[in-house]
Every structure is written in C-alpha cells, then in structure tokens.
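Read off the chains here:
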Amino acid sequence: MNQPQSTPHPDASSLLTEPLSAVGPANEISPDLGGSGAKNQALNLEVSAEVLPVLLQGLEPDCQPGSSLLHPILNAIADPLSVKDQQGRWCFLNEAYCSLVGYSQEVLLGQSETAIFSAPEAEPFLEADRQVLTTGQAHEQEASFTDASGHQRLVLRKTALLPSAAGSLLLVSTLQEITQHREAERRLQRQADRNQLLAAIAQCLLQSFSPEQLLQTTVSAVRCFLQVDRVLFYSFDADYKGIVAESVGDTVPRLASLPPEQACFIPEDVTCYHRGQLQAVAEVASAGLPAAHLKQLRRHGIQAYLVLPIFEGETLHGLICAHQCRSARPWQDWEVETLNEVVAQIGSAVKQAKLIQQVHQLNAVLERQVAQRTQQLQTALEFEATLKRITDRVRDSLDQKQIMLTAVKELTEALGVKGSNTALYDLEQGTSTIYYEYNRSLPSYQGRVAQMEAFPEVYHQLLEGQYFQFCSKEPNPVRGHVAMLACPILDDRGVLGDLWLIKDKDSGFNELEIRLVQQVANQCAIAIRQARLYQAAQSQVEELERLNRLKDDFLSTVSHELRTPVTSMRVALQLLGVTLNQEFDLNAELQKPKLEQARLARYYLILQEECEREISLINDLLDLQRLDVGNHPIYPEAVVLPQWLPDLVNGFGERAKSRQQSLTLVLADDLPVLQTDLASLERVLAELLNNACKYTPPGEQISLEVIPLLAAEADQVSFRLTNTGIEIPAAELPRIFDKFYRVPSADPWKQGGTGLGLALIQKLVMYLGGEVVVESQDQKTTFTVNLPRQLSPHPMTVLRQ
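Small disclaimer: the values here were computed from a predicted structure and weren't measured.

Thresholds applied
Residues numbered from 1 in each chain as written. Predicted model: local features only at pLDDT ≥ 70, side-chain atom pairs only at ≥ 80, totals over all residues. Heavy atoms only, no water. Patch = residues over 30% accessible without salt bridge, like charges linked within 9 Å, V, L, I, M, F, W, Y side chains within 5 Å. Areas by Shrake-Rupley, 256 points an atom, 1.4 Å probe, with all protein chains shown as cover. Salt bridge = Lys/Arg side-chain N within 4 Å of Asp/Glu carboxyl O. Helix = DSSP H or I, 4+ residues; strand = E, 2+ residues; numbered from the N terminus. Expected span 1.5 Å × (residues − 1). Buried < 20%, exposed > 50% of the residue type's maximum accessible area, 1.4 Å probe, protein only. Pairing = 2+ DSSP bridges. Axes fitted to C-alpha atoms, helices over the stretch in contact; angles between N-to-C directions. Contact = heavy atoms within 4.5 Å. Core = buried A, V, L, I, M, F, W, Y, C linked by side-chain atoms within 4.5 Å. Left-handed = near helix turned anticlockwise from the far one by under 90°. Nonpolar A, V, L, I, M, F, W, Y, C, P; charged D, E, K, R; others polar. Polar contact = N/O pair within 3.5 Å; in protein donor to acceptor, adjacent residues only side chain to side chain. Phe/Tyr/Trp six-rings, centres within 6.5 Å; stacked < 30°, edge-to-face > 60°. Lys NZ or Arg CZ within 6 Å of the ring centre and 35° of its normal. Arc of directions from axis to C-beta. pLDDT = per-residue confidence, 0-100.

## Quick notes on a nonpolar patch on the surface
Phase 1 of the analysis: Together, Leu544, Leu547 and Leu550 line one region of the surface with nonpolar side chains, adding up to about 270 Å² of accessible area.
Phase 2 of the analysis: Note on placement: Leu547 falls in helix H16 (residues 511-584).

As structure tokens, then:
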C-alpha cells in the first residue's frame with residue numbers, strides 16, 4: 001500500500017462561492033435533512049445539489065476546517081463524503097470517509113487514491129473522476145480497495161460535478177460500504193446453487209430409471225455446482241468396475257476414453273472408502289500422498305481432488321470424484337455438506353433404478369431428453385406473448401412441421417421482418433435444405449438446397465454455434481439489398497439446422513430481437529430432437545412388440561410340438577413298467593432302498609422322473625403362455641377353507657416326514673368363505689408347498705398360516721407359508737419371480753427344477769385379483785399370498801360360470 005504524503009492545496013475557497021444554476025435546475029432539499037427521517041438522503045448527490053456548495057464554503061483555502069457551523073454537520077453525516085479539485089486531489093474529507101479508508105484528514109488532504117491504494121484499486125476511482133469531468137454527468141460505480149488495516153472493502157461510489165465561482169470544478173463523492181451486503185448475496189447464491197443442484201438430482205430421480213443416466217446427470221450437475229475441471233463416477237460394481245459417468249470442461253481430457261490401465265487414479269488401498277470416509281485434498285503436491293498414487297494423479301494433471309463414497313445398502317457402490325487440474329483448490333465445508341446430501345440421495349436411488357430399468361427404459365429415455373432440453377425463456381414484455389405461443393406449441397405437439405411453421409410465422413409477424421425460414425442440415429452430404437418459411441413480401445425459397453462448402457464464410461460460423469447478422473455488398477437478384485440475421489438451431493448433440501430472418505437494409509437487429517430469435521431457435525431444436533426421439537422410440541416399441549410376439553409364438557409352438565411325443569413316452573413308459581413288473585417284479589424292486597435296487601429298477605425310476613419333469617415343464621410353459629395372452633379361464637366358486645385346505649396340506653405330510661421336516665397348518669377361527677377359482681388356488685398353494693419341501697433342510701419347520709384381513713380398505717384372506725433353515729439372499733429376491741430363474745446353491749436335496757413355478761404362481765395370483773410377496777431374513781423365508789374375499793380378477797381374465 002502506498003504511504004500518502006500531505007501536500008499544500010491551492011486556494012479552494014474561490015471554487016465554492018458560485019451557485020449551481022449552471023449545472024441545471026436544482027432539486028428540492030429534503031425537509032428533514034439531518035433528522036431521523038432523512039436516512040442519510042442528504043448525501044444523495046441529486047438531492048443535495050443546492051446544499052453542498054453552501055456546506056462546502058466552511059472550508060478554508062488550506063482545506064482545513066473553518067469557523068463555519070456547517071462543517072461539523074458534514075463530519076456528522078454517516079456516509080463518507082469527499083471533495084476533489086480538477087486535478088483529482090482531495091480538498092475535503094469528512095470523518096466517516098477517513099474512518100472507512102483508515103487514514104486521517106491531515107494525511108489525505110492534497111492526495112488522491114493513488115497515494116493510499118494500489119494501482120489496480122485506484123484506477124477505477126480515477127477513471128470515474130475523468131468521466132464525470134468529461135461528460136458533466138453524475139456517475140455511480142462499485143469499487144473495491146484495501147484499507148489501512150489491510151481489510152478488503154467493497155463500496156458503492158457516487159460522484160457529481162459542482163462548479164465554483166472562479167470557473168473551476170469540484171468533484172463531490174460519497175461512499176456506501178456494501179461489503180457485508182455482497183457477502184450476504186454470495187451466501188444466498190451458494191444456497192440457491194445448492195438448492196438447484198439438489199432439485200436437479202431430485203428431478204432426475206423422478207424422471208429417470210436408468211442408473212447410467214442418473215449418474216451422468218449427477219456428475220454434470222456436480223461439476224456445474226463446484227465449477228471444477230472434471231467430475232466422474234467410479235464404479236466398484238461386479239458387472240463393471242471403472243468409470244461409468246464423466247463430465248469434463250472444454251479442454252480437459254476424458255479419463256473414460258482411456259484404457260482402464262491408463263485411466264486408473266484410485267489408490268490400491270480403498271479401505272477408508274469402505275468405512276464411509278471422504279477425502280478432500282486441496283493440493284496433491286503437499287498432501288503427503290503415497291508415491292504411486294501421486295504419480296497416477298500427476299499423469300492426469302490432477303492438482304486437487306474431492307472423493308465421496310456412495311453405498312448401495314451396506315456395499316460400496318462407487319465414488320463421486322471431483323478433480324481440479326488447472327490449479328490447487330480448497331474445498332469449502334458447505335460444498336462438502338451439499339455433496340454429502342447428493343451422495344445420500346444417489347445411494348438409495350441407484351438400487352431402485354436397477355430394479356425397474358428394463359420396464360421403463362423406453363419411456364425414461366424420451367422423458368429424460370425432453371426434460372434436459374426444457375428451459376425457461378427470458379425475454380422482454382413486448383415479446384412475451386409471441387414466445388409463449390411458440391413454447392406452448394413445442395410442449396403440446398410432437399408434429400415437427402406444425403411447430404416449425406408456427407415459429408417462423410410468429411417471428412415474422414412479431415419482429416415485422418420481410419420473411420423468415422428454417423433449414424435442416426445433412427452433415428454427411430454437406431447440404432442445407434430449406435423446409436419451412438413464412439414470407440410477407442419475398443419470393444419463396446422453400447426446397448432450396450445449398451452446398452455448405454460453397455459458402456464457407458456462412459456455414460463455418462453456424463456450425464460453430466455462432467449467430468451473425470450482415471448486409472450484402474451486392475444486391476441479391478431476387479431480394480435486393482437486405483439485412484439478414486442467421487442463427488444456428490443446435491442442442492447438446494450438435495447443430496441441426498439454421499434460422500434466417502430478412503429485413504430492410506436500413507434496419508438491423510437489436511439485442512432484444514437477437515435474444516428472442518435465439519430462444520426460438522432453442523425451442524425449434526427441442527421440437528426437432530423431440531420428434532426424432534419420439535419416432536425412434538415408437539420404432540423401438542414396435543420392434544420389441546414384434547420380438548415378444550415371436551417369442552410367445554415360439555414357446556407355444558415348441559410346447560405343443562413337444563407335448564405329443566412326451567405324452568407318448570409316458571404311455572410307453574407305463575406299458576414298460578407293466579411288462580417289467582410281470583417279468584421281473586418291478587414293484588418289489590422299487591420298494592427296496594435305492595442302494596439295494598437292481599440297475600433295471602433304478603433306470604426305470606430315472607426315466608419316469610425325467611419324463612414327468614419334462615411334462616411338468618411343458619405344462620408350465622403352456623399355462624404361462626395362456627396367462628400372458630389372457631386366455632386363462634376362471635371358474636369362481638365358494639371355497640370353505642377349513643374343510644378343503646387340510647386335505648391339500650396332508651398330501652405333503654408323508655413327503656415332509658420322509659425328509660425329517662415338520663409340516664403344520666394353522667387356520668384362524670373366523671375365516672370367511674372364499675369366492676375364487678379353486679383350481680388356480682390349489683395350483684398356487686401346491687407349488688408353494690412343493691417348493692417348501694424341496695428347499696427346507698432336514699430338522700426344520702414348514703408352516704402354513706391362513707388368517708382374514710378385515711381392514712377398512714381391504715377384505716382379504718392371507719395365506720402365509722413359512723419355512724425355516726433357509727434364507728434367500730437380498731440380491732436374489734427381486735428376481736425369484738422371473739421365468740427360468742433359480743436361486744443358486746439353494747437346493748439341499750439336489751432335485752433340480754425349471755424355474756417356472758414362482759413365475760406361474762405370480763401370474764395366477766394376479767389373475768385372481770391378489771398379490772404375492774416374499775420376505776427372507778434370519779434363516780427364515782415367508783411367502784404371503786393375499787386374495788380378495790370376493791373374486792376381483794385381472795382385466796384380461798376370462799370368467800366362466
């Protein structure tokens with residue numbers, strides 16, 4: 001900081017004796033000047049234009065206080081006040097001004113800002129003084145400086161020109177400190193950025209069921225929030241380990257595009273991340289990192305990083321990593337706290353997104369693309385109605401032609417131009433074709449195809465995403481001398497086309513008109529991309545429906561074709577059993593323990609079991625196919641559970657006993673009569689009991705409990721089948737109702753299966769108007785089937801009387 005030197009000041013009294021009539025009409029003086037209602041308005045340069053010359057006459061020629069009683073008034077004013085001569089030297093400063101800058105009046109008088117401020121800090125003050133002296137107009141500016149104690153100050157400075165009797169001019173300035181105000185604004189901005197980040201993540205959670213899209217949206221939003229060079233998600237998932245989402249700045253290389261061995265930047269020891277710890281390193285060079293890890297970071301130019309773990313339940317799913325490559329960067333506490341909130345949201349959402357990704361994939365893609373391209377339009381009042389009509393058309397319609405015609409028509413009429421048109425690019429062919437236009441006084445150019453290479457000065461700028469306006473030197477043979485504005489139609493994937501507006505040569509396009517055209521071009525890009533995405537989605541849906549029909553036809557055909565020969569095999573096997581029984585006493589052999597049976601009996605038994613298994617598989621496939629197409633008949637009838645259910649359960653008693661299992665049936669006393677399809681209900685319970693016997697280890701229990709659910713919102717009967725000694729892993733629970741899926745290593749009796757039983761159960765329960773859920777924990781698994789007391793079948797169910 002400069003040390004000011006006090007210097008004598010030329011006579012200032014002659015500058016303060018002339019009234020202010022030369023600078024324009026005087027404003028009224030506030031009647032409560034100096035009172036509580038004034039609120040320092042006396043310092044407003046416009047209001048005090050007549051007062052200040054009188055007040056300043058209390059200064060002696062040597063710029064020291066005179067005997068005037070008004071001088072204490074100037075010192076009593078709360079706002080800092082200063083007076084300069086034409087050479088920019090202070091001839092008066094009140095006490096508030098001296099207190100703000102930290103120097104006394106004796107030190108400052110006769111000096112300027114260059115004596116106490118650094119050159120970059122003083123230059124804005126001096127430039128404002130020069131501007132006021134040149135234009136004679138009052139000037140208002142924001143400026144910053146460092147006071148005598150080393151504190152940074154931010155002030156609002158108002159400067160006006162006051163003439164003197166001698167013809168010289170005085171510069172009168174007031175300062176208002178706004179340091180705390182700006183700091184409060186920064187805090188509010190940080191809070192707004194935080195809320196915007198969390199809102200963007202929350203909106204993505206609601207709209208997207210794709211983990212990849214969720215993570216990509218997250219890293220892009222986090223990079224925008226932190227203003228860093230790179231943000232990525234590093235996955236520890238078993239299916240894919242590495243970078244799955246990345247957002248980088250314009251000049252920052254993508255690590256995801258590198259081979260895995262070159263893109264590695266994660267330390268070998270990730271124990272701290274498994275414990276849920278984050279790492280925030282402001283400068284890698286001085287952080288004391290292991291040499292191998294430091295080498296990896298330097299290879300990618302990473303100078304500061306922030307890493308937060310994301311958990312999927314209790315498992316480490318991956319890491320959110322923020323990199324600063326240009327310089328070291330301290331990580332603020334409020335930034336880390338905000339990212340912790342983001343991590344908490346993402347951790348629970350990733351698991352949910354994986355479960356429903358396949359079901360909602362097509363709709364999610366379309367909704368995500370629309371949501372990403374929807375933005376609030378900013379425009380002046382005179383164009384608000386025009387922009388709203390175009391925006392409404394984009395949002396309400398998927399008809400590209402209708403939207404584009406509306407856009408060019410509304411622009412032409414709102415801006416009063418001679419005409420406008422839009423062209424779409426074929427980048428492979430290097431052509432631009434005009435598809436839509438609206439002209440008021442110009443010939444039609446619709447269908448005109450232009451080769452881009454023939455007009456490089458035009459299309460080079462458009463392909464770079466830049467708008468421009470110009471007036472041609474030579475008159476166009478058709479249009480004559482005109483002024484033109486060209487604006488690219490682009491989105492985040494590239495340039496799609498352009499939008500042209502034509503006016504008379506004597507009038508160009510102002511800033512507000514250009515802003516409106518840019519916003520309309522953005523809406524046109526959304527419409528084009530939205531229409532293409534919709535068409536692509538429709539094509540994919542049709543293709544998936546076709547493939548699904550082929551699959552159903554294949555399963556139906558194969559099942560029917562296999563049923564006949566397998567049935568013949570069963571009949572032949574039965575005849576073979578009769579023959580073997582007559583000749584070799586097969587039945588007696590089958591009664592013996594398996595190790596004592598003759599080979600012929602064991603072979604026969606294997607053939608019989610495999611034949612029944614194949615028949616069961618074919619029947620299950622046919623049943624599922626009928627259920628899928630809605631061709632499953634339902635015969636409602638009254639079922640008295642206490643009478644019917646014991647016989648069904650007892651049929652599995654001998655099997656459970658042979659395997660040292662305990663099978664019990666618990667029936668509530670107040671069970672109602674169930675109106676449902678008995679055959680379907682029997683199939684569901686038999687499949688569940690069969691699975692329980694199959695997967696329950698020896699010495700464990702199987703229990704079927706039937707109770708009524710008489711809640712106000714539902715009148716149902718609940719069947720709860722529980723078996724102990726077995727637990728289905730949590731990761732397998734969402735898939736156990738899938739076709740052909742079997743839980744690995746969960747068959748203690750090694751009996752095998754087709755994986756169709758639970759899929760068939762789920763379909764049958766749905767057709768009966770109920771639901772089936774499964775819970776498994778603490779070495780106990782429970783299947784719960786809730787059925788309505790009165791049959792409320794699925795809409796595709798065929799009711800038969």
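## Let's talk about helix H21 (residues 678-695)
Helical geometry: 3.6 residues make up each α-helical turn, so side chains three or four residues apart lie on a common side.
Phase 1 of the analysis: Relative to the 26 Å expected for 18 residues at 1.5 Å per residue, H21 spans 26 Å between its end C-alpha atoms, a close match to the ideal helical length.
Phase 2 of the analysis: Of the residues making up H21, those classed as buried are Leu678, Ser680, Leu681, Val684, Leu685, Glu687, Leu688, Leu689, Asn691, Ala692, Cys693 and Lys694.

## With respect to the sheet that holds strand S2 (residues 90-93)
Phase 1 of the analysis: Taken in spatial order, the 5 strands make up an open sheet running S2-S1-S5-S4-S3, and their pairing is antiparallel. In this open sheet, the two edge strands, each paired with only one partner strand, are S2 and strand S3 (139-146). The sheet shows a mean angle of 25° between the axes of neighbouring strands, taken without regard to direction.
Phase 2 of the analysis: In the packing of helix H5 (residues 119-135) onto the sheet, contacts are made with strand S1 (81-84), S3, strand S4 (152-163) and strand S5 (169-177), and the angle to S3 comes to roughly 160°.

## Observations regarding the pattern of salt bridges
Side chains carrying opposite charge are able to pair once their charged atoms draw close together.
Phase 1 of the analysis: Following the criterion strictly, the structure yields 22 salt bridges and no others.
Phase 2 of the analysis: Among the salt bridges present, the one from Arg187 reaches Glu183, with a minimum N-O distance of 4.0 Å. Here Glu183 and Arg187 lie together in helix H6 (residues 179-207), a separation of 4 residues that amounts to about one turn.
Phase 3 of the analysis: Note on Arg187: relative accessible area 45%, which makes it partly exposed.
Phase 4 of the analysis: Across the salt bridge formed by Arg546 and Glu543, the nearest N and O atoms sit 2.7 Å from each other. Within this pair, Arg546 and its partner Glu543 are both found in helix H16, separated by 3 residues, close to a single helical turn.
Phase 5 of the analysis: Taking relative accessible area as the criterion, Glu543 reaches 35% and is therefore assigned partly exposed.
Phase 6 of the analysis: The network of salt bridges with shared partners includes Lys84, Glu113, Asp129 and Arg157.

## Observations concerning the nonpolar core
Phase 1 of the analysis: With 40 residues, the main nonpolar core has Leu641, Trp644, Leu645, Leu688, Val706, Phe719 and Val785 as its most contacted residues.
Phase 2 of the analysis: Secondary structure elements with two or more residues in this core: helix H19 (641-650), H21, strand S21 (701-709), strand S22 (716-724), helix H22 (757-767), strand S23 (771-777) and strand S24 (780-788).
Phase 3 of the analysis: Among the elements that line this core, the one with the most residues is H21, at 8 residues.
Phase 4 of the analysis: Other than its neighbours up to four places away in sequence, Leu641 contacts Pro646, Leu671, Leu674, Val706, Val717 and Phe719.

## Thoughts on the packing of H19 against H21
Phase 1 of the analysis: The N-to-C vectors of H19 and H21 enclose an angle of 40°; their axes lie 11 Å apart at closest approach. With respect to the hand of their crossing, H19 and H21 are arranged in right-handed fashion. Seen from H19, the contacting residues are Trp644, Leu645, Leu648 and Val649; seen from H21, they are Leu678, Leu681, Glu682, Leu685 and Leu689.
Phase 2 of the analysis: Across the contact of H19 with H21, the residue classes break down as 8 nonpolar, no polar and 1 charged.

## With respect to the environment of Leu586
Phase 1 of the analysis: With respect to the helices, strands and loops of the structure, Leu586 is situated in helix H17 (residues 586-591).
Phase 2 of the analysis: Judged by its relative accessible area of 4%, Leu586 is buried.
Phase 3 of the analysis: When the C-alpha positions of Leu586 and Ala598 are compared, they lie 9.3 Å apart, and in sequence the two are 12 residues distant.
Phase 4 of the analysis: Excluding residues within four positions of it along the chain, Leu586 makes contact with Gly577, Leu580, Asn581, Ala601 and Tyr604.

## Some details on the sheet that holds strand S15 (residues 482-491)
Phase 1 of the analysis: With respect to topology, 6 strands assemble into an open sheet ordered S13-S12-S11-S16-S15-S14, the strand pairing being antiparallel. Edge strands, defined here as strands with exactly one partner in the open sheet, are strand S13 (449-451) and strand S14 (468-471). Taking the axes of each pair of neighbouring strands and ignoring which way they run, one obtains an average angle of 25° across the sheet.
Phase 2 of the analysis: Alignment of strand S11 (residues 419-426) against strand S16 (residues 494-504), held across 6 bridges, turns out to be antiparallel. Of the residues in S16, the one forming a bridge with Ala423 is Asp498.
Phase 3 of the analysis: Sheet strands touched by helix H14 (residues 400-415): S11, strand S12 (431-439), S15 and S16. Its angle to S12, the strand with the most contacts, is close to 60°.
Phase 4 of the analysis: In the packing of helix H15 (residues 456-463) onto the sheet, contacts are made with S11, S12, S13, S14, S15 and S16, and the angle to S16 comes to roughly 125°.

## Here's the deal with unusual backbone geometry
Phase 1 of the analysis: Phi at Asp778 takes a positive value of approximately 55°, unusual for a residue other than glycine.
Phase 2 of the analysis: Assignment of secondary structure puts Asp778 in the loop between S23 and S24.
Phase 3 of the analysis: The exposure class of Asp778 is exposed, given its relative accessible area of 67%.

## What about the side chain of Ser680?
Phase 1 of the analysis: Within the secondary structure layout, Ser680 lies in helix H21.
Phase 2 of the analysis: A polar contact is formed between the side chain of Ser680 and the side chain of Asp677, at a distance of 2.4 Å.

## What about the pairing of strand S10 (residues 315-324)?
Phase 1 of the analysis: Of all 10 residues in S10, 9 are buried, a share of seventy percent or more.
Phase 2 of the analysis: Strand direction decides the pairing type here: strand S9 (residues 304-312) and S10, joined by 9 bridges, are antiparallel. Bridging from a neighbouring strand, Val307 pairs with Cys321 of S10.
Phase 3 of the analysis: Connecting S9 to the antiparallel partner S10 that follows it, the hairpin turn spans 2 residues, and Gly313 within it adopts a positive phi of roughly 75°.

## Brief notes about the environment of Ala304
Phase 1 of the analysis: In this fold, Ala304 is placed in strand S9.
Phase 2 of the analysis: With relative accessibility at 0%, the residue Ala304 sits in the buried group.
Phase 3 of the analysis: Note: C-alpha distance between Ala304 and Ala285 (19 residues apart in sequence) is 8.8 Å.
Phase 4 of the analysis: Ignoring any residue separated from it by four or fewer positions in sequence, one finds Ala304 in contact with Val281, Ala282, Val284, Ala322, His323, Gln324, Ser327, Ala328, Arg329 and Trp331.

## A closer look at the environment of Ala525
Phase 1 of the analysis: Assignment of secondary structure puts Ala525 in helix H16.
Phase 2 of the analysis: Those residues in contact with Ala525, other than ones at most four positions away along the chain, are Ile489, Leu490, Asp491 and Leu496.

## Considering the packing of aromatic side chains
Phase 1 of the analysis: With the rule as written, the count across this model stands at 11 aromatic pairs.
Phase 2 of the analysis: Aromatic pair Trp90 and Tyr97: ring centres 5.9 Å apart, planes at 65°, arrangement edge-to-face.
Phase 3 of the analysis: With centroids separated by 5.4 Å and ring planes inclined at 70°, the aromatic side chains of Tyr234 and Phe236 adopt a geometry described as edge-to-face. This pair shows no difference in class: Tyr234 is buried, exactly as Phe236 is.
Phase 4 of the analysis: Directly above the aromatic system of Phe509 lies the positively charged group of Lys503, at a separation of 4.7 Å from the ring centroid.

## Quick notes on H5
Phase 1 of the analysis: With 17 residues, H5 extends 24 Å from end C-alpha to end C-alpha; this agrees with the ideal 24 Å at 1.5 Å per step.
Phase 2 of the analysis: Those residues of H5 that fall on the buried side of the exposure criterion are Glu121, Ala122, Phe125, Leu126, Ala128, Asp129 and Val132. Each buried residue of H5 lies within a common arc of 155° when the element is viewed along its axis, so the set occupies one face. In H5, the exposed positions that point more than 90 degrees away from the buried face belong to Ala119, Pro120 and Thr134.
Phase 3 of the analysis: Looking at the buried positions of H5, the neighbouring elements they touch are S1, S3, S4 and S5.
Phase 4 of the analysis: Once H5 ends, the next one or two residues include Gly136, with phi positive near 75°.

## Observations concerning the confidence of the model for the protein
Phase 1 of the analysis: On average, residues of the protein score 78 in pLDDT, and 79% of them reach the 70 mark or higher.
Phase 2 of the analysis: Predicted confidence is poor over residues 5-50, with pLDDT under 50, and the contacts of this stretch with residues over four places away or in other chains come to 78 contacts.
Phase 3 of the analysis: Counting contacts from residues 58-67, a segment whose pLDDT is below 50, to residues more than four positions away or on other chains yields 23 contacts.

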